[in-house]
Amino acid sequence: MKKVPLDPIAPAPAGFDLDQLHRTNGAIDVITYDSKTVGTKRHALVYTPPGFSKDNSYPVLYLLHGIGGDEYEWFNHGRPQAILDNLHANKQIAECIVVFPNGRAMVNDRAEGDLFAPDKIAAFTTFEQDLLHDLIPYIETRYPVLTDRENRAIAGLSMGGGQSLNIGLRHLERFAWVGAFSPAPNTLAPAELIPHVDEASERIKLLWLSCGKADDLYYVSERTLAFLVERHVPHLWLEESGGHDWTVWKSGLYQFAQRIFQ
Ligand code: FER
């Protein structure tokens, strides 16, 4: 059994999410890929780090949005470009590519209408197939990336946190780093999420869980955490002071991004 990392979690410093003057910054691509799963062309955003070069090979973080969002949600609300650029400038993060998919894998994947309609909720489950069989292969043929499990991470907020836990822990042959910020009720029950405790404990490099104490969905994290503690599954837990909000999710990205691909 690996030891739980006794890692002091220092809060993000002021300005961590603000544009600062750097010699080089990351860049954003908007990509379009064929989804055999959905039968449409789908879109994602891709952040390449400062100094990005096709001559290097990079690990990849897949960073997922919530029920109210789409592939732009992190950019609209979470300032990921500033957070990542600042982490790179301070050498607090491994050089990596970050992909922002659309996790609602259906023909109309916009965040419109009744977001809780059964077909829209089901599309967040369908996304597992789109990610594994359509998006990841696209990224791995178009970008210079490392393709072993230790160089692939998945994390997300709320609905995307649930997806990250469900998909990441079911596919430890693909993901060694899994993070959930305020995971939603789409998160599988703990015994389904981690049916093979010893194997998961052995293979996971980082299992990150964080949630605001005032979040109505706190119970999802609480039940997941209770299982991790009881069954001695190595993990990092951060209880935040906020609710179901961007302060928590930006902090989650800041913390998780520093601890992956190490
Ligand atoms: C639910 C409440 C919230 C739920 C999902 C959410 C699937 C998602 C919230 C978010 O993504 O912000 O009952 O059920």
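Residues numbered from 1 in each chain as written. Predicted model: local features only at pLDDT ≥ 70, side-chain atom pairs only at ≥ 80, totals over all residues. Heavy atoms only, no water.

As recorded by an unreviewed UniProt entry, the protein carries the name Enterochelin esterase-like enzyme and is attributed to Paenibacillus phyllosphaerae.

Overview of the site of the ligand
Our working rule: One heavy atom within 4 Å of a molecule or strand makes the whole residue count as near it. Within 3.5 Å is the distance limit for a polar contact, defined as a pair of N or O atoms, with the added protein rule that one can donate a hydrogen and the other accept it, and that residues adjacent in sequence qualify only through two side-chain atoms. Throughout, the Shrake-Rupley method with a 1.4 Å probe supplies accessible areas, and for residues the shown protein chains are the sole cover considered.
Looking at the ligand, the residues that line it are Gly66, Ile67, Phe116, Ile121, Ser158, Met159, Ala184, Pro185, Leu217 and His244. The contact in question runs from an oxygen atom of the ligand to an N or O atom on the backbone of isoleucine 67, over 2.7 Å. When the free accessible area of the ligand is taken as 370 Å², the share hidden by the protein chains comes to 74%.

Digging into the side chain of glutamine 255
The condition is simple: Starting at the N terminus, helices and strands are each numbered in turn, a helix being any DSSP run of H or I of at least four residues and a strand any DSSP run of E of at least two. Residue contacts are defined here by distance: any two heavy atoms, one from each residue, within 4.5 Å place the two residues in contact.
Mapping glutamine 255 onto the fold places it in helix 8 (residues 246-259). Leave out the neighbours within four places in its chain, and glutamine 255 touches Ile9, Ala10, Pro11, Ala12, Trp208 and Leu238.

Some details on the nonpolar core
Basically, it comes down to this: Put simply, a nonpolar core is a bunch of buried Ala, Val, Leu, Ile, Met, Phe, Trp, Tyr and Cys residues held in one set by side-chain atoms that sit within 4.5 Å of each other. Buried means the residue's accessible area, taken with a 1.4 Å probe over protein chains only, is under 20% of the maximum for its type, while exposed means over 50%, and partly exposed covers the values in between.
Ranked by size, the top nonpolar core spans 40 residues in total, and within it Tyr62, Ile139 and Ile194 carry the most contacts. Top element by residues in this core is helix 3 (residues 118-142). It accounts for seven residues. When residues no more than four places from it in sequence are discounted, the contact partners of isoleucine 139 are Ile31, Val46, Val60, Tyr62, Val99 and Val145. If you look at the next biggest cluster of nonpolar residues, it comprises 33 residues, including Trp177, Phe181, Trp246 and Val248.

Some points on the pairing of strand 5 (residues 152-157)
The cut-off we apply is this: Between any two strands, pairing holds if DSSP finds at least two bridges. If the strands point away from the viewer and the path from the first strand over the helix to the second runs clockwise, then the crossover is right-handed.
Most of strand 5 is tucked away, with six of its six residues classed as buried. Side chains Arg152, Ile154 and Gly156 of strand 5 all project onto a buried face; the interleaved residues Ala153, Ala155 and Leu157 project onto the opposite face, where all are buried too. With five bridges connecting them, strand 3 (residues 60-64) and strand 5 associate as parallel partners. Pairing of leucine 64 across the sheet is with glycine 156, part of strand 5. Bridge count between strand 5 and strand 6 (residues 177-181): five bridges; the pairing is parallel. By the bridge assignment for strand 6, leucine 157 is matched with phenylalanine 181. Tracing the backbone out of strand 5, into helix 4 (residues 159-170) and back to the parallel element strand 6 gives a crossover that is right-handed.

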